[in-house]
Amino acid sequence: MSETIHKAGFVNIIGNPNVGKSTLMNALVGENLSIITAKAQTTRHRIKGIVNGEDFQIVYSDLPGILSPAYKMQEMMMRFVDESLKDADVILYLVEPGETKYNTDIIERLSKVTIPILLVLNKVDKSTEEQTALTKAHWSALLPNAEIVLISALQRVNLNELLLKIIDNLPPSPPYFPKDELTDRPVRFFVSEIIREKVLLLYKKELPYSVEVVVESFKEEENIIRIGAMLYVERDSQKGIILGHKGSAIKKLGTESRLAIEEFLEKHVYLDLSVKVLKDWRANELYMKKFGYYEK
């Protein structure tokens, strides 16, 4: 670790689903660590990305979108958000133009915290001046202790201004991670997230939310990495959809996943996908813990 770092802290990104949290996380870190799709609730876990400068270290966390839990998995996803309000040094609350929806409990808690809050208004490149002004007024009334920053994460507008404000609010601290680390998650986790992202993109309606991906084997050889992954679903009918007619759907899923994993790992990959029914796994706390839906 570098002895020159004298500011470090945990910067947690929260907000409603579909406001671009993962896009912002990836833009700030400079790597695609979080799933980005047009579907809501794509982030299930707390994903950390580490950024180092000459005299600072920022540990970003992309959190699941704030929602009212409908089943056990969503309850445990919301625990990540709850914990993030306790251990953050800086909170980025991400909203977009015209957004007025909020969770009363979260807002009440944020209004009482003493840590810095940056209210980040995203997608300003798609907003009119009037809409931006109305959105700022709405959220300023809810969180008067927050400083507002206007950005476009996708177009990288004002990201440097946001970075400078984050650094300015970091507490004095030695680094938490070695300078060459990009994340606290293992490679297997990101491989499973890549496959899950392809599931979200290739399959329709609610099916992707019933799928959990677990990398069960990861063997590195000289010229190839051999990966075996299990896709867990809740119903026999879902297994049939994942497989497709004569296995056509899972073959396409495997091809697109393999290509993305090869790009991520920069090495040839052999990918073997299997499907298993685990009835009502999203409602079972034991399965939730097995799949990592809790803070270690």
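On a predicted model such as this, the values are computed, not experimentally measured, just so you know. (Residues numbered from 1 in each chain as written. Predicted model: local features only at pLDDT ≥ 70, side-chain atom pairs only at ≥ 80, totals over all residues. Heavy atoms only, no water.)

Participant: Is there a simple way to explain the overall build of the chain in this structure?
Facilitator: Scanning the chain for helices and strands turns up nine helices and nine strands. Evaluated residue by residue, the chain yields a buried proportion of 51% over its 296 residues. Long-range contacts, defined as pairs at least 24 residues apart, comprise 73% of the intrachain contacts of the chain with a sequence gap of at least 6. Accessible surface, the chain: about 14400 Å² in total, of which carbon and sulfur atoms supply 49%. (Helix = DSSP H or I, 4+ residues; strand = E, 2+ residues; numbered from the N terminus. Buried < 20%, exposed > 50% of the residue type's maximum accessible area, 1.4 Å probe, protein only. Contact = heavy atoms within 4.5 Å. Areas by Shrake-Rupley, 256 points an atom, 1.4 Å probe, with all protein chains shown as cover.)

Participant: I'm lost on the sheet that holds strand E1 (residues 7-15) in this one. Help?
Facilitator: Each strand in a sheet pairs with another by means of backbone hydrogen bonds, the pair being arranged parallel or else antiparallel. Strand order in the open sheet made by the six strands is E2-E3-E1-E4-E5-E6, with mixed pairing throughout. Looking at which strands have only one partner, the edges of the open sheet turn out to be strand E2 (47-52) and strand E6 (147-150). Recorded for the sheet is a direction-independent mean angle of 25° between the axes of neighbouring strands. Pairing analysis gives six bridges linking E2 to strand E3 (residues 56-62), with the strands arranged antiparallel. What sits directly across from Gly49, in E3, is Tyr60. (Pairing = 2+ DSSP bridges. Axes fitted to C-alpha atoms, helices over the stretch in contact; angles between N-to-C directions.)

Participant: Honestly, the packing of helix H6 (residues 187-202) against helix H8 (residues 248-265) in this entry has me stumped. Any pointers?
Facilitator: What describes two packed helices is the angle between their axes and the distance between those same axes. At a minimum axis distance of 9 Å, the contact between H6 and H8 shows a crossing angle of 140°. As the angle between them shows, H6 and H8 are arranged oblique. Relative to H8, H6 is oriented so that their crossing is right-handed. Between H6, through Val187, Phe190, Val191, Ile194, Ile195, Lys198, Val199 and Leu202, and H8, the contact on the second element is made entirely by Lys252, Leu253, Glu256, Ser257, Ala260, Ile261, Phe264 and Leu265. Residues that form the contact of H6 with H8 fall into these classes: 12 nonpolar, one polar and three charged. (Parallel < 35°, antiparallel > 145°, perpendicular 65-115°, else oblique. Left-handed = near helix turned anticlockwise from the far one by under 90°. Nonpolar A, V, L, I, M, F, W, Y, C, P; charged D, E, K, R; others polar.)

Participant: Please explain the side chain of Ser257 as it appears in this structure.
Facilitator: Positionally, Ser257 belongs in helix H8. Within the structure, Ser257 has its side chain in polar contact with the backbone oxygen of Leu253 (distance 2.8 Å). Ignoring sequence-local partners within four residues, the contact set of Ser257 consists of Ile194, Ile195, Lys198 and Leu271. (Polar contact = N/O pair within 3.5 Å; in protein donor to acceptor, adjacent residues only side chain to side chain.)

Participant: I would appreciate a short explanation of the pairing of strand E5 (residues 117-121) in the present structure.
Facilitator: Looking down a regular strand, the side chains alternate between one sheet face and the other. Of all the five residues making up E5, five are buried; the element is thus mostly covered by neighbouring parts of the structure. By the alternation rule, side chains of E5 split into Ile117, Leu119 and Leu121 and Leu118 and Val120, which are all buried. Inspection of the sheet shows strand E4 (residues 90-95) paired to E5 by five bridges, in the parallel sense. Residue Leu94 lies in a different strand from E5, and its bridge partner there is Val120. Between the parallel elements E4 and E5, the chain passes through helix H3 (residues 104-110) in a crossover that is right-handed. Where E5 lies against E6, four bridges are found, and the strand directions are parallel. Bridge assignment links Leu118 to a residue of E6, and that residue is Glu147. With helix H4 (residues 129-142) bridging E5 and the parallel E6, this β-α-β connection has right-handed handedness. (Right-handed = clockwise from strand over helix to strand, strands pointing away.)

Participant: Which parts of the structure should I look at to understand unusual backbone geometry?
Facilitator: Although it is not a glycine, Lys123 sits at a positive phi angle of roughly 60°. Tracing the backbone shows Lys123 in the loop between E5 and H4. The exposure class assigned to Lys123 is partly exposed, which follows from its relative accessible area of 28%. In this structure, Glu266 takes a positive phi of about 55° despite not being glycine.

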